[in-house]
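Residue strings, one per chain:
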Amino acid sequence: MRFSPNPFGLVTLAAIGVMSFASSASALSAQQTVEKEVRVIGSDGTETFQRRSIENAVPGDRIIYSLNLINDNNDIVNDLTLVMPVPAETLYIEGTADKPGTKVLYSADGGVSYRPRSELEFQDAQGFTRPARSEDITHIQWTMLEPVAVGARDTLSFSASIK
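Residues numbered from 1 in each chain as written. Predicted model: local features only at pLDDT ≥ 70, side-chain atom pairs only at ≥ 80, totals over all residues. Heavy atoms only, no water.

Visitor: Honestly, the side chain of aspartate 136 in this entry has me stumped. Any pointers?
Guide: Mapped onto the secondary structure, aspartate 136 falls in the loop between β9 (129-131) and β10 (139-144). The class for aspartate 136 is buried, based on a relative accessible area of 7%. The contacts of aspartate 136, once residues within four sequence positions are left out, are Ser107, Ala108, Phe122, Arg130 and Pro131. (Helix = DSSP H or I, 4+ residues; strand = E, 2+ residues; numbered from the N terminus. Buried < 20%, exposed > 50% of the residue type's maximum accessible area, 1.4 Å probe, protein only. Contact = heavy atoms within 4.5 Å.)

Here it is in structure tokens:
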């Protein structure tokens, strides 16, 4: 696997926390990309948003963290589960990790446990528990619901804003 450093200096998605398989999938490859969403105003005044390489980022900028996968194994991969950390310098943007064909779970305890977003709780330093907020999410876990075919490519991603 190749993981690219973030050019604006933040520690971002330096590693995948977990990658597990039910079958032996030693040749599955993944490459991380980190992009910034920028607003572009056309000559006719229309506004669009585009993904661009990050040259700099400031608080409030929307960053897209993607993991591009390819099954370059000789067999299908069953029960593929992948985890990406949410960088501490960012705030997860709700709903951006949702992907058809996957079961998405979240962690608010550093990746120790995972729950559906609606059930996710956060325990504060005093031991009190409350529903987790976006800023509490530390990791996102995707489980592919179908086998990953030989040669198949896919992308998992989420967006976050710089704190």
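Once the structure has been displayed, the description carries forward.
Visitor: Just to check I follow, could you spell out the pairing of strand β2 (residues 28-41) for this structure?
Guide: Taken residue by residue, a regular strand's side chains alternate between the two faces of the sheet. Sheet topology places β2 next to strand β4 (residues 62-71); 10 bridges connect them, and they run antiparallel. Residue pairing in the sheet places glutamate 35 in a bridge with isoleucine 64 of β4. Judged from the seven bridges that link them, β2 and strand β3 (residues 47-53) form a sheet pairing that is antiparallel. Across the sheet, the residue bridging to lysine 36 is arginine 52, located in β3. (Pairing = 2+ DSSP bridges.)

Visitor: Even after reading the chapter, I still don't get the sheet that holds β3, so can you show me in this structure?
Guide: Within a sheet, neighbouring strands are paired by backbone hydrogen bonds and run either parallel or antiparallel to one another. Within the open sheet, the five strands sit side by side as β3-β2-β4-β11-β6. Their pairing is antiparallel. Both edges of this open sheet fall to β3 and β6 (90-92), since each of them pairs with a single strand only. In this sheet, neighbouring strand axes are inclined to one another by 35° on average, regardless of whether the strands run parallel or antiparallel. (Axes fitted to C-alpha atoms, helices over the stretch in contact; angles between N-to-C directions.)

Visitor: Would you take a moment to explain the pattern of salt bridges for this structure?
Guide: Close approach of charged atoms lets side chains of opposite charge pair. Applying the stated criterion to the full structure yields eight salt bridges. Between glutamate 37 and arginine 62 there is a salt bridge, with the nearest N and O atoms lying 3.7 Å from each other. Placement of glutamate 37 in strand β2 and of arginine 62 in strand β4 is noted, with a sequence separation of 25 residues between them. You can call glutamate 37 partly exposed: its relative accessible area is 28%. In this structure, glutamate 94 engages arginine 117 in a salt bridge whose closest nitrogen and oxygen atoms are separated by 2.8 Å. A residue pair is termed long-range when its members are at least 10 positions apart, and glutamate 94 in the loop between β6 and β7 (102-107) and arginine 117 in the loop between β7 and β8 (121-123) qualify at 23 residues. Looking at arginine 117, the relative accessible area reads 21%, which means it is partly exposed. (Salt bridge = Lys/Arg side-chain N within 4 Å of Asp/Glu carboxyl O.)

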